[in-house]
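Architecture and fold: a report
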Amino acid sequence: MRMSHLYAPTLRETPAEAEVVSHQLMLRAGMMRKAAGGVYTYLPLAWRVLKKIEQIVREEMDAKGGQELLMPIVQPAEMWLETGRWHVYGDEMFRLKDRHDRNFCLGPTHEEMITTLVRTDVRSYRQLPLLLYQIQNKYRDEIRPRFGLMRGREFIMKDLYSFDRDEAGLSESYNKMYDAYSRVFSRCGLTFRAVEADAGAIGGSGTHEFMVIADSGEAAIVYCTSCDYAANVEKAELKALPAVPETPQELAAVDTPAMKSIADLTAFLGVTADKTIKAIAYRTEKETVLALVRGDHEVNEIKLKNSLNCLALDLAGDKELAAIGSVAGFIGPVGLKNVTVVADASVMNLSNAVCGANQMDKHYIHVNPGRDFTPAIVTDLRLITESDPCPHCDAAIKTARGIEVGQVFKLHTKYSTSLKATYLDENGKEQPMVMGCYGIGVSRTMAAAIEQHNDEHGIIWPVAIAPYHAVVVPISTKDQAQVALAEQIYATLQAAQVETVLDDRNERPGVKFKDADLIGYPLKITVGPKAVNEDTIEVKIRRTGEVLYYRLEGFATKIK
Ligand code: ATP
Ligand code: MG
Ligand code: MG
Ligand code: MG
């Protein structure tokens, strides 16, 4: 590729709208442009990177027996009504109507689509297990899309679905995918951790999130310095929660601070105060859940079975939270037992989850603390921190921030039951298929790679996903000898399958070097007087800054 021809409009200035470094650098390196909030065009450099990530993903899925297919983006409402998710999914779902007024959505995920496909064609245990996947745009109308490709409203996902005969089969499929995911992210050159996450509403055991370690990550994780325990902070359990008072006498004896402000609550929870933090607490027959709603994060997992009492703490005076039909205006201590802290929660999803699951939203409008539920006292409720011991082995734990690039999830029979996806077992008996789902954010992975690999000059691509491996920069395009040699090197590298850009622009060397560092090619080959006169070709390694010198002869094979 010749730079004079490449559509990579680089920018000198950092665009004001970009908050995180991956977004800034992708705009500056001419990799992406915005079409609408959370909707982007991938320019040629970005598209090359995405295709490489996709190829790695494809190879690893295929290696585990995955079969690629492609499902529609436009999905009819009927199948979503069958699972009940048409109403539960909320505003994150892009909905549309056709000319006959029929309801459709743009797929935010494909459990409904794949399960209705498989239920029609798979009848016998002999046809299982099945691992089916696609790589495709997904659509989620995120409450606040941000950070460029990190949280888009249109983004690329690889989603695989496993169908097994039984739980043992599911475990096998799950382990295969866990292994494949580890291989994918290693091959992409990323530092990551698989952490235990909360299975939430779907219930059952078994879900891991794959987190790329980066300070800009939205998720907080803990991991043990000794054993292999790792979890996101919401899932991570404190070794021992203090006893919770139960009787009125015990309750009265506890000197609990009244939580009158968000600062009181966050101090009490031991989390960083955040202007946008909100909380909702509700007590169920079995447990009480406190959800922290931070910024634009969303609720993925709330246990809502048999909610008896619900109390919303409208700490931030948020209208949407009040609209849950809660107890606007009421601020005070709440009784919590066996508390689960759920972070990453959006107001919108939360309201849907609460109303959808209980259909008691109206009930809560004029709820009267004391009459409608028992206000009690929060005792020592907090998220796990580095001062806690590992819940498994007591060793020290560390915390880090992470970007969720993938998640593996045991669905068990949730969708096969509601969608009646059954097969006949060896005895001719009808059984529900046992399912898992496994997602990788392909476009988010590209952004995460940049978050982890950059410096003040620009991107530093891991070789496996670099848009090109090398750039050849003649110092002066007016010097015919330099130009001729640069062309020769360019041709040699291309022939050796080193993906190369020739910066043939009539620009000052400084401009070309700056763009080379910004775009982040792993190798920069400078062709100046030294190369022409002394047969000494300078190769600079972007990651280390190391400079190596080569003769022209055998050059391409040596730098490979
Ligand atoms: P998040 O917690 O960040 O909202 P999620 O848990 O809702 O993500 P999943 O349903 O697990 O996402 O989807 C699988 C993968 O798709 C995620 O691990 C992530 O890498 C990617 N992904 C999800 N939402 C987005 C988005 N809005 N933009 C880009 N990638 C996304
Ligand atoms: Mg989400
Ligand atoms: Mg998530
Ligand atoms: Mg997830």
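The structure contained in this document is the topic of the report that follows.

1. Examining the overall build of the protein
If you tally the helices and strands in the protein, you get 16 helices and 27 strands. Relative to its 560 residues, the protein shows a buried fraction of 54%. Contacts spanning at least 24 positions in sequence make up 70% of the contacts within the protein whose residues lie at least 6 apart. When the accessible surface of the protein is split by element, carbon and sulfur atoms take 51% of a total near 24500 Å².

2. Focus: the site of ligand 1
In the vicinity of ligand 1 there are 15 residues, among which Glu142, Arg151, Gly152, Glu404 and Arg444 approach most closely. Glutamine 407 places a side-chain nitrogen or oxygen 3.1 Å from an oxygen atom of ligand 1. Protein coverage of the free-state accessible area of ligand 1, which is 580 Å², stands at 91%. Mapped by element, the contributors of at least two residues to the shell around ligand 1 are β8 (154-164) and β17 (397-412). No other element matches β17, which puts four residues into the shell around ligand 1. The residue inventory of the shell around ligand 1, partitioned by class, reads five nonpolar, four polar and six charged.

3. Structural notes on the pairing of strand β11 (residues 219-224)
Of all the six residues making up β11, five are buried; the element is thus mostly covered by neighbouring parts of the structure. Across six bridges, the pairing between β11 and β17 is antiparallel. Pairing of alanine 219 across the sheet is with glycine 402, part of β17. The sheet contact formed by β11 and strand β12 (residues 230-232) spans three bridges and is antiparallel. Paired with tyrosine 223 across the strands is alanine 230, a residue of β12.

4. Some points on helix α6 (residues 167-187)
With 21 residues, α6 ought to run about 30 Å at 1.5 Å a step, and its terminal C-alpha atoms sit 30 Å apart, in line with that. Every buried residue belonging to α6 is among Gly169, Leu170, Ser173, Tyr174, Met177, Ala180, Tyr181, Ser182, Val184 and Phe185, and all of these are buried. Glycine 189 sits one or two residues past α6 and shows a positive phi near 80°.

5. Details of the nonpolar core
Formed by 66 residues in total, the largest nonpolar core has its most connected members in Met31, Tyr181, Met446 and Trp461. In terms of residue count, helix α2 (residues 44-63) provides more of this core than any other element does, eight residues in total. Residue contacts for tyrosine 181: discarding those within four places in its chain leaves Met61, Lys158, Phe210, Gly406, Gln407, Val408, Tyr438, Gly439 and Ile440. Counting 28 residues, the second largest nonpolar core, distinct from the first, contains Ala77, Trp86, Met113 and Cys437.

6. Overview of the coordination of the magnesium ion (ligand 4)
Within the protein, the magnesium ion (ligand 4) binds to Glu404 (OE) and Gln407 (OE1); these donor distances fall in the range 1.9 to 2.2 Å. Taken as a pair, the magnesium ion (ligand 4) and the magnesium ion (ligand 3) show a spacing of 3.1 Å, with glutamate 404 coordinating each metal. By relative accessible area, which is 17% here, glutamine 407 ends up buried.

7. Side note on the packing of helix α1 (residues 21-28) against helix α12 (residues 442-452)
Packing of α1 against α12 leaves a shortest axis separation of 8 Å and a crossing angle of 100°. As the angle between them shows, α1 and α12 are arranged roughly perpendicular. Of the residues in α12, those touching α1 at Val21, Ser22, Leu25 and Met26 are Met446, Ala447, Ile450 and Glu451. Here the contact of α1 with α12 is built from residues that sort into six nonpolar, one polar and one charged.

8. Topic: the packing of aromatic side chains
Under the definition given, this model contains eleven aromatic pairs. Both rings, one in tyrosine 181 and one in phenylalanine 185, keep their centres 6.2 Å apart while their planes meet at 85°; by these two values the pair is edge-to-face. Here tyrosine 181 and its partner phenylalanine 185 are both found in helix α6, four residues apart, which amounts to about one turn of the helix. Judged by relative accessible area, phenylalanine 185 falls into the buried class, the value being 0%. An aromatic cluster is present here, built from Tyr178, Tyr181, Phe185, Phe192 and Phe210 joined pairwise through their rings. Just above the ring of tryptophan 86 sits the side chain of arginine 95; from NZ or CZ to the centre is 4.7 Å. Above the plane of the ring of tyrosine 174 lies lysine 410, whose end atom (NZ or CZ) is 5.1 Å from the centre.

9. Some words on the packing of α2 against α6
Two numbers describe how α2 lies on α6: the axes approach to 9 Å, and their chain directions differ by 150°. One finds that α2 runs roughly antiparallel with respect to α6. In this structure, the crossing between α2 and α6 has a hand that is right-handed. On α6, the residues touching Ile56, Val57, Glu59, Glu60 and Met61 of α2 are Met177, Ala180, Tyr181, Arg183, Val184 and Arg187. A per-class count over the contact of α2 with α6 returns seven nonpolar, no polar and four charged.

10. Concerning the side chain of histidine 469
Among the secondary structure elements, histidine 469 is positioned in the loop between β22 (458-459) and β23 (470-474). Relative accessible area serves as the criterion here: at 19%, histidine 469 is assigned to the buried category. Contacts of histidine 469, omitting those with residues within four sequence positions, involve Lys52, Val463, Gln497, Val498, Glu499, Tyr521, Pro522 and Leu523.

About the cut-offs
Residues numbered from 1 in each chain as written. Chains lettered and ligands numbered in written order. Predicted model: local features only at pLDDT ≥ 70, side-chain atom pairs only at ≥ 80, totals over all residues. Heavy atoms only, no water. Helix = DSSP H or I, 4+ residues; strand = E, 2+ residues; numbered from the N terminus. Buried < 20%, exposed > 50% of the residue type's maximum accessible area, 1.4 Å probe, protein only. Contact = heavy atoms within 4.5 Å. Areas by Shrake-Rupley, 256 points an atom, 1.4 Å probe, with all protein chains shown as cover. Near = heavy atom within 4 Å. Polar contact = N/O pair within 3.5 Å; in protein donor to acceptor, adjacent residues only side chain to side chain. Nonpolar A, V, L, I, M, F, W, Y, C, P; charged D, E, K, R; others polar. Pairing = 2+ DSSP bridges. Expected span 1.5 Å × (residues − 1). Core = buried A, V, L, I, M, F, W, Y, C linked by side-chain atoms within 4.5 Å. Donors = N, O, S within 2.8 Å, 3.2 Å for Na, K, Ca; no water. Axes fitted to C-alpha atoms, helices over the stretch in contact; angles between N-to-C directions. Parallel < 35°, antiparallel > 145°, perpendicular 65-115°, else oblique. Phe/Tyr/Trp six-rings, centres within 6.5 Å; stacked < 30°, edge-to-face > 60°. Lys NZ or Arg CZ within 6 Å of the ring centre and 35° of its normal. Left-handed = near helix turned anticlockwise from the far one by under 90°.

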